[in-house]
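Residue strings, one per chain:
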Amino acid sequence: MKKTIAMAALALAVSFGSISCKKKISDADLQTQATTVVTSNANASVEVKDGQAHLSGTFADQASKDEMIASLKAIPGIKEVHDMSTIEAPVVVETVSAVDPAVQQKVTDAVKDFPSVKVEVINGELTLTGNVSPQQARKIKMSVDALKVGKVNYNYTVK
């Protein structure tokens, strides 16, 4: 009877030991899996140490960053994801006209008698466009030149 109890206790100890011995995934294997996930963003990288992923780099927006973190957390064996990444700041391009609005208004007033002529700022330069007769072209040029406003592109069509 003692032998039976001893054998049962030994069998029970062996079964508990085999259940609790899970195969630990190496950091190298986790690094490979995590790197595969992160390759979808060329500006990001990941390093795995002790089952913890350290995400760094830049993301276009918060949604793509959150999606990457969720993908890393879904890898079996990753215990935690440390987020050291940033969101790219949107580039704001402010366009400033090189032509003073007062100068543009003076030229507009000078050609007000010619409704087919438009005064525009194109590529930072004052430009006149539209269709005019040869006589109108001379009058417009004389009026605008008299203002001494600097460079003006006469891109109207003379018919």
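Whatever comes next refers back to the structure up there.
Residues numbered from 1 in each chain as written. Predicted model: local features only at pLDDT ≥ 70, side-chain atom pairs only at ≥ 80, totals over all residues. Heavy atoms only, no water.

*Asks:* Quick one: what's the story with the sheet that holds strand β5 (residues 118-122), residue by residue and with numbers?
*Replies:* Spatial ordering of the open sheet is given by β5-β6-β8, a layout of 3 strands whose pairing is mixed. Edge strands, defined here as strands with exactly one partner in the open sheet, are β5 and β8 (152-154). Each adjacent strand pair in this sheet contributes to an overall mean axis angle of 30 degrees, direction not counted. Pairing of β5 with strand β6 (residues 125-129) involves 5 bridges; the strand directions are antiparallel. Each bridged residue has a counterpart across the sheet, and for Val119 the counterpart in β6 is Leu128. Helix-sheet contacts for helix α4 (residues 101-110) involve β5 and β6, and the interaxial angle to β5 is about 150 degrees. Across the sheet, helix α5 (residues 134-147) lies against β6 and β8, angled at about 180 degrees from β8, the strand it touches most. (Pairing = 2+ DSSP bridges. Helix = DSSP H or I, 4+ residues; strand = E, 2+ residues; numbered from the N terminus. Axes fitted to C-alpha atoms, helices over the stretch in contact; angles between N-to-C directions. Contact = heavy atoms within 4.5 Å.)

*Asks:* Lay out the pairing of strand β1 (residues 44-49) in plain terms, naming residues and giving numbers.
*Replies:* Because side chains alternate across β1, one face comprises the buried residues Ala44, Val46 and Val48, and the other comprises Ser45, Glu47 and Lys49, none of which is buried. Across 6 bridges, the pairing between β1 and strand β2 (residues 52-59) is antiparallel. Considered in β2, the bridge of Ser45 is made with Ser56. The hairpin turn running from β1 into β2, its antiparallel successor, is 2 residues long, and Asp50 in that turn takes a positive phi close to 55 degrees. (Buried < 20%, exposed > 50% of the residue type's maximum accessible area, 1.4 Å probe, protein only.)

*Asks:* Describe the pattern of salt bridges, listing the residues and the values that go with them.
*Replies:* Counting across every chain of the model gives 2 salt bridges. A salt bridge links Asp145 to Lys141, with the nearest nitrogen and oxygen atoms 3.0 Å apart. Residue Asp145 and its partner Lys141 are both found in helix α5; the two are separated by 4 residues, about one turn of the helix. Among the residues examined, Asp145 registers a relative accessible area of 39% and is labelled partly exposed. Given the relative accessible area of 37%, Lys141 is considered partly exposed. (Salt bridge = Lys/Arg side-chain N within 4 Å of Asp/Glu carboxyl O.)

*Asks:* Which residues make up the side chain of Thr129, and what values do they have?
*Replies:* Residue placement: Thr129 occurs in strand β6. A distance of 3.2 Å separates polar atoms of two side chains, one belonging to Thr129 and the other to Glu120. (Polar contact = N/O pair within 3.5 Å; in protein donor to acceptor, adjacent residues only side chain to side chain.)

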